[in-house]
Amino acid sequence: MDLNLLNQEQRQAVEHTSGPLLVLAGAGSGKTRVLTYKIAYLMKEMNIYPSQILAITFTNKAAKEMKSRIRELVGEQANSLWMGTFHSIAVRMLRIYAERIGYKKDFVIYDTSDQKSILKRCMKELNISEESFPIKSTIGKISQAKNKMIGPDQFKHVYANEFTVESIYRRYEEKMFRNNGMDFDNIILNVIKLLKENEDIREFYKKNFQYVLVDEYQDTNKAQYEMISLLTKGKGNLFVVGDNDQSIYGWRGADIRNISEFEADFKGARVIKLEQNYRSTNNILDAANAVIQNNLYRKDKNLWSSNEKGEKIKYYDAADEYSEADFVLSRINSMINNGCSTKEMAILYRTNAQSRVFEERFRRYDIPYRVVGSMGFYGRKEIKDLLSYMRLIQNPLDEVSLLRIVNEPKRGIGNKTIEKLQEMANEFDVSLFEMIGRAYKEDIIGGKAGMGLKAFYETLRPYIQSKDDLKVTDIFDGIYRDSGYREMLEIENTLESQSRMDNIGELLSAITEYQMSEEEAKLEGFMESISLMSDIDRMDDDEIGVTMMTLHSAKGLEFPYVFMVGLEEGLFPTGRAFDNTLELEEERRLCYVGITRAEKELYISSASQRMIFGTRREYLVSRFVGEIPENLIEYLNGKKKKKSKDELSSKTDYLDKGMNPKSFEKKSTGNRIKAVHAGMKVKHKIFGEGTVVSVSGTDNKMAMIAFVDKGVKNLHIDYAPLVEVE
DNA sequence: ACACTGTGAGTTTTT
DNA sequence: CTCACAGTGT
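Rules used in this analysis
Residues numbered from 1 in each chain as written. Chains lettered and ligands numbered in written order. Predicted model: local features only at pLDDT ≥ 70, side-chain atom pairs only at ≥ 80, totals over all residues. Heavy atoms only, no water. Helix = DSSP H or I, 4+ residues; strand = E, 2+ residues; numbered from the N terminus. Buried < 20%, exposed > 50% of the residue type's maximum accessible area, 1.4 Å probe, protein only. Contact = heavy atoms within 4.5 Å. Areas by Shrake-Rupley, 256 points an atom, 1.4 Å probe, with all protein chains shown as cover. Arc of directions from axis to C-beta. 1 Å grid on protein atoms, 1.4 Å probe; cavity = no way out; pocket = protein on both sides within 12 Å on 5 of 7 lines; lining within 4 Å. Points joined across faces, edges and corners; volume = space filled by probe spheres on them. Nonpolar A, V, L, I, M, F, W, Y, C, P; charged D, E, K, R; others polar. Phe/Tyr/Trp six-rings, centres within 6.5 Å; stacked < 30°, edge-to-face > 60°. Polar contact = N/O pair within 3.5 Å; in protein donor to acceptor, adjacent residues only side chain to side chain. Pairing = 2+ DSSP bridges. Near = heavy atom within 4 Å. Patch = residues over 30% accessible without salt bridge, like charges linked within 9 Å, V, L, I, M, F, W, Y side chains within 5 Å. Salt bridge = Lys/Arg side-chain N within 4 Å of Asp/Glu carboxyl O. Axes fitted to C-alpha atoms, helices over the stretch in contact; angles between N-to-C directions. Parallel < 35°, antiparallel > 145°, perpendicular 65-115°, else oblique. pLDDT = per-residue confidence, 0-100.

K.L.:
Let's hear about the overall build of chain A: which residues, and what values?
P.N.:
A count of helices and strands for chain A gives 30 helices and 21 strands. Across the 726 residues in chain A, those meeting the buried criterion constitute 53%. Of the contacts formed within chain A by residues at least 6 apart in sequence, a portion of 73% connects residues at least 24 apart. By element, 48% of the accessible surface of chain A is carried by carbon and sulfur atoms, the whole surface being about 33800 Å².

K.L.:
Explain the environment of Pro560 to me, and be specific about the residues and the numbers.
P.N.:
Position of Pro560 among the secondary structure elements: in strand β13 (residues 559–564). Judged by relative accessible area, which is 13%, Pro560 ranks as buried. Each C-alpha atom of the pair Pro560 and Glu601 lies 6.4 Å from the other, and the pair is 41 residues apart in sequence. Leaving out residues up to four positions away in the same chain, Pro560 has contacts with Glu344, Glu599, Lys600 and Glu601.

K.L.:
Tell me what's going on with helix α10 (residues 199–208), and back it up with residues and numbers.
P.N.:
Among the residues of α10, those classed as buried are Ile201, Arg202, Tyr205, Lys206 and Asn208. An end-on view of α10 places all buried positions within 165 degrees of arc, on one side of the element. Structural note: α10 exposes Glu199 and Lys207 on the side pointing more than 90 degrees away from its buried face. In the core, the buried residues of α10 are packed alongside β3 (82–84), α4 (86–97), α9 (184–197) and α11 (222–232).

K.L.:
I'd like to hear about the layout of surface pockets, residue by residue, with values.
P.N.:
Taken as a whole, the second largest pocket spans an internal volume of roughly 1100 Å³. Of all elements in the fold, only α5 (112–125), α8 (163–178), α17 (381–394), α18 (399–405) and α19 (415–428) reach the threshold of two or more residues within the lining of the second largest pocket. Take the lining of the second largest pocket: its biggest share by element is eight residues, from α5. Looking at the lining of the second largest pocket, its residues break down into nine nonpolar, nine polar and 17 charged.

K.L.:
Outline the packing of aromatic side chains, supporting the account with residue identities and numerical values.
P.N.:
The tally for this structure, following the rule as stated, stands at 25 aromatic pairs. Ring plane angle 85 degrees and centroid distance 5.3 Å describe the contact between Trp82 and Phe209, whose orientation is recorded as edge-to-face. On the criterion of sequence distance, the pair formed by Trp82 in strand β3 and Phe209 in the loop between α10 and β6 (211–214) is long-range, its members being 127 residues apart. With respect to burial, Trp82 and Phe209 carry one shared label: buried. Taking 5.0 Å as the distance between ring centres and 90 degrees as the angle between the ring planes, the aromatic pair formed by Tyr103 and Phe177 counts as edge-to-face. In this pair, Tyr103 sits in the loop between α4 and β4 (108–110) while Phe177 sits in helix α8, placing the two residues 74 residues apart along the sequence.

K.L.:
Explain the side chain of Thr220 to me, using residue names and the numbers behind them.
P.N.:
Looking at where Thr220 falls in the secondary structure, it is placed in the loop between β6 and α11. What makes Thr220 buried here is its relative accessible area of 2%. Polar side-chain contacts of Thr220 include one of 2.8 Å to the backbone oxygen of Tyr217. Separated by 3.0 Å, the side chains of Thr220 and Asn258 make a polar contact. Setting aside anything within four residues of it in sequence, one finds Thr220 in contact with Phe86, Val214, Ala254, Asp255 and Asn258.

K.L.:
Tell me what's going on with the pairing of strand β12 (residues 546–550), and back it up with residues and numbers.
P.N.:
Among the five residues in β12, five count as buried, and that is most of the element. Going residue by residue along β12, you find Val546, Met548 and Thr550 tucked away on one face and Thr547 and Met549 tucked away on the opposite face as well. Taken together, the four bridges between strand β10 (residues 345–349) and β12 define a ladder with parallel strand orientation. The partner of Ile347 across the bridge, within β12, is Met548. The pairing of strand β11 (residues 369–371) with β12 spans three bridges and is classified as parallel. Bridging from a neighbouring strand, Arg370 pairs with Thr547 of β12.

K.L.:
Which residues make up the protein's contact with DNA strand B, and what values go with them?
P.N.:
In the vicinity of DNA strand B there are 27 residues, among which Arg350, Asn407, Gly414, Ser534 and Arg576 approach most closely. Each atom of DNA strand B within 4 Å of the protein belongs either to a base or to sugar and phosphate, the latter forming 53%. Here Thr417 contributes a side-chain N or O atom positioned 3.1 Å from a phosphate oxygen of DNA strand B. For the surface near DNA strand B, the secondary-structure elements that each account for two or more residues are α19 and α26 (551–554). For the surface near DNA strand B, the residue count by class is seven nonpolar, 13 polar and seven charged.

K.L.:
Help me get a handle on a nonpolar patch on the surface, residues and values and all.
P.N.:
A cluster of nonpolar side chains, contributed by Leu296, Tyr297 and Leu582, occupies part of the molecular surface with about 400 Å² of accessible area. Relative to the elements of secondary structure, Leu296 occurs in the loop between α14 (282–292) and β9 (313–320).

K.L.:
So what's going on with the packing of α14 against helix α27 (residues 581–595)? Residues and values would help.
P.N.:
At a minimum axis distance of 9 Å, the contact between α14 and α27 shows a crossing angle of 175 degrees. As judged from the angle between their axes, α14 and α27 are roughly antiparallel. Across the interface between the two elements, Ile284, Ala287, Ala288, Asn289, Val291 and Ile292 from α14 touch Arg588, Arg589, Cys591, Tyr592 and Ile595 from α27. Its residues assigned to classes, the contact of α14 with α27 shows eight nonpolar, one polar and two charged.

K.L.:
Any chance you could break down the pattern of salt bridges for me, citing the residues and the numbers?
P.N.:
All chains considered together, the criterion is met by 52 salt bridges. Two residues, Arg95 and Glu528, come together in a salt bridge whose shortest N-O distance is 2.7 Å. Of this pair, Arg95 sits in helix α4 while Glu528 sits in helix α25 (residues 523–531), placing them 433 residues apart in sequence. Glu528 matches Arg95 in its accessibility class, with the two residues each being buried. A salt bridge links Glu569 to Arg623, with the nearest nitrogen and oxygen atoms 2.7 Å apart. Placement of Glu569 in the loop between β13 and α27 and of Arg623 in helix α28 (residues 623–626) is noted, with a sequence separation of 54 residues between them. Assessed through its relative accessible area of 12%, Arg623 is described here as buried. Taken together, the shared-partner salt bridges in this structure form one network comprising Lys31, Asp215, Glu216, Asp219 and Lys555.

K.L.:
Kindly report on the packing of α9 against α10, identifying the contributing residues and their values.
P.N.:
Put simply, α9 and α10 touch, their axes get as near as 5 Å, and they point 100 degrees apart. With respect to α10, the axis of α9 lies roughly perpendicular. On the side of α9, the interface is formed by Leu194, Leu195, Lys196 and Glu197, while α10 contributes Glu199, Ile201, Arg202 and Tyr205. Within the contact of α9 with α10, the residues separate by chemical class into four nonpolar, no polar and four charged.

K.L.:
Go over the confidence of the model for chain A with me, naming the residues and quoting the values.
P.N.:
Looking at chain A as a whole, the pLDDT averages 85, with 90% of positions reaching at least 70. Looking at the elements of chain A, mean pLDDT is at its lowest for helix α30 (residues 651–656), recorded as 34, and at its highest for β13, recorded as 96. Predicted confidence for residues 642–670 stays below pLDDT 50, and this span has 35 contacts to residues more than four positions away or in other chains.

K.L.:
Got a sec to walk through the sheet that holds β3? Specific residues and values, please.
P.N.:
The six strands lie next to each other as β3-β2-β6-β7-β1-β8, forming an open sheet whose pairing is parallel. Only two strands of the sheet have a single partner each, and these edge strands are β3 and β8 (270–274). Within this sheet the neighbouring strands show an average axis-to-axis angle of 10 degrees, counted without direction. Pairing between β6 and strand β7 (residues 238–242): three bridges, direction parallel. Along β7, the bridge assignment pairs Leu213 with Phe239. Contacting β1 (21–25), β2 (53–56), β3, β6, β7 and β8, helix α2 (residues 31–44) runs over the sheet at an angle of about 165 degrees to β7.

What follows is the structure, encoded as structure tokens:
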């Protein structure tokens, strides 16, 4: 291990082995390197066992990568390190000790959409309307409270007059507990509870962990802070790395005070700054520095680099999102022709929805690409359904999953039956699943519904009983078959059901892969690995293609060529931040993160018009473009008169100016069909070309159309996006 | 019980 | 535009 590969500050950080240390690491200053070397140093020079080191990273992928780098330095013993995200570390502890806090050890993890359905049910039970308490904002409020460790009991002291939310919150937590489930916030809170209430466990871990390291410290929240301090207090060998200019998760409860008050919180803390950037050209760095300088609430630091000046930042001012995409694609195309690999390129945007136009262009140009995130594979219905089966097998108390699948495929079990069952389950104080068992056995519910319940119950029970002895793939295969799900899709035999079956096949290969990679592959383990996987974790590094993702997802990554797109007021920065300095500064940090992802070249672009919610709207150039000094920018299609900053000062201003949807009516698609006749050739926006087979309905508006490769569809011509061909 | 259809509402960002 | 859902008809 050669510490001479480190600069002076990096080396100091590595060699500091006693007491708390905060490393303020600017973008691209080699913090991963420091972390890697530090852990290796602790093991090799300080003779610390790997199992005595806890390292918390922001994604599981980061943990995996770091582990493999450490392995290069110290060998296989790196595998015994405790390394992962807050959530995965917490779950690891909870799997062992869940019973100490009243949970069962096979608890399940609820994601955001599960959260939503639990909350909905709570509100229904409490007779609270969704109009007055929108699901999203209510979840937000509850989550916010949890991040700050404010439980239902303390809620009213912090949020006065929010007693309705308080009652929802309380009911939600009860339900969560009764379901033997935890949402993401609960995972952290429950570990805190575990450590607080059980001295033996706390002392065990505290004694065990000689060193605790936390990456991306600027994005930790209060609960996470509490978790760390419970594990380190007293000993204080805590080593955190972060950059306040890259704090972009304030909306998720990240508390900047964790980093700004580190020295006060941990006595005798030392601070080391890493200010030399090894990643980007000087032009890129200067641009980033200039932009972030506009934030008033920040500690100044001076990122510098000995790299060359490099190319100027190239700015393209597009007419609309399509011409923006065309610009990006033509650039990418010529870069490819110049010998660049698509793996070196990334397109970064503010919102996931922006990827669509680019995807379409990539397909048209036939250039490989990959999209990170955006409700992909695991959000699909068939995947969620089958995972719900698996989850219910893992934990029969899980009502969320049960309700999702009890009538999927159709078993003749409707709302009425479910309601009855829920009432009875409450009355007898048993789980819904158990109630289902009783209901048909004791003939409480007969007829079609009773048969359905019997089928459902008897399909699942054997799997529940032997889940620990069965292979995960066997459980999956079996349940797919026995539940009738496969048959349902086979009978349906449409293009859609085909693709669903393909997706299920893909899920099976994911399970198989998991099973082969784990020594002891258990159902819980697999379910956990997918629930705690972030979008970045799902990204396959070997896959070729241009990477597309949100700026948030891009944190921690780097690419030689970066396209930062959609730089418009209202989109980036988002309109919601206009009247809030703190939020606006967070947007600016996000911009800073974006700029500093680029190593060699940075392209930025904006569109004057963009389609949003089906209407075309006009946008002004983002203030962030104006914040980059002109001498660093090459204006690819001329420089428009500067109008971003002066014209926009407040939200109302923005809404008044140029945002009149009427003046930008959608372009006519041309010969949109008004009437059809059999034999007519038509083109559908999604299904492509087809021939009208027959016409039906009042006014002959229903057309049965046979599409090339896509099968026969019944469509109403007033609604279907159809145009005539020839 | 369930399929269909019209309606209303929504886009930040994610472990 | 696109999705989810409430309401209606079978």
